[in-house]
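A closer look at the structure
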Amino acid sequence: MTGFADLAARLTQHAARIALARAETRRLAQSDPAVRWRKPGLLWPRFTKG
């Protein structure tokens, strides 16, 4: 991959991880708001492995 293509792929992966975390946070906020604070993937989606 070229430098730009690699960067674009990594940014796309980060954006997807953040979108999934936001969706999960919204879902948990409706059922059990305290749960989201116990899941590191929801607090730091860019720094955890999914």
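A short tour of the structure in this document, coming up. This one's a predicted model, so the numbers in the text were calculated from it and none came from an experiment.

On to the pattern of salt bridges, then. Summed over the entire model, instances satisfying the criterion amount to two salt bridges. Ionic pairing is found between Arg-10 and Asp-6, a salt bridge with its closest N-O pair at 3.6 Å. Residue Arg-10 and its partner Asp-6 are both found in helix H1 (residues 3-31); the two are separated by four residues, about one turn of the helix. Where Glu-24 meets Arg-27, a salt bridge forms, and the shortest distance between an N and an O atom there is 2.7 Å. Here the residue Glu-24 and the residue Arg-27 both occupy positions in helix H1, the gap between them amounting to three residues, near one helical turn.

Cut-offs used in this document
Residues numbered from 1 in each chain as written. Predicted model: local features only at pLDDT ≥ 70, side-chain atom pairs only at ≥ 80, totals over all residues. Heavy atoms only, no water. Salt bridge = Lys/Arg side-chain N within 4 Å of Asp/Glu carboxyl O. Helix = DSSP H or I, 4+ residues; strand = E, 2+ residues; numbered from the N terminus.

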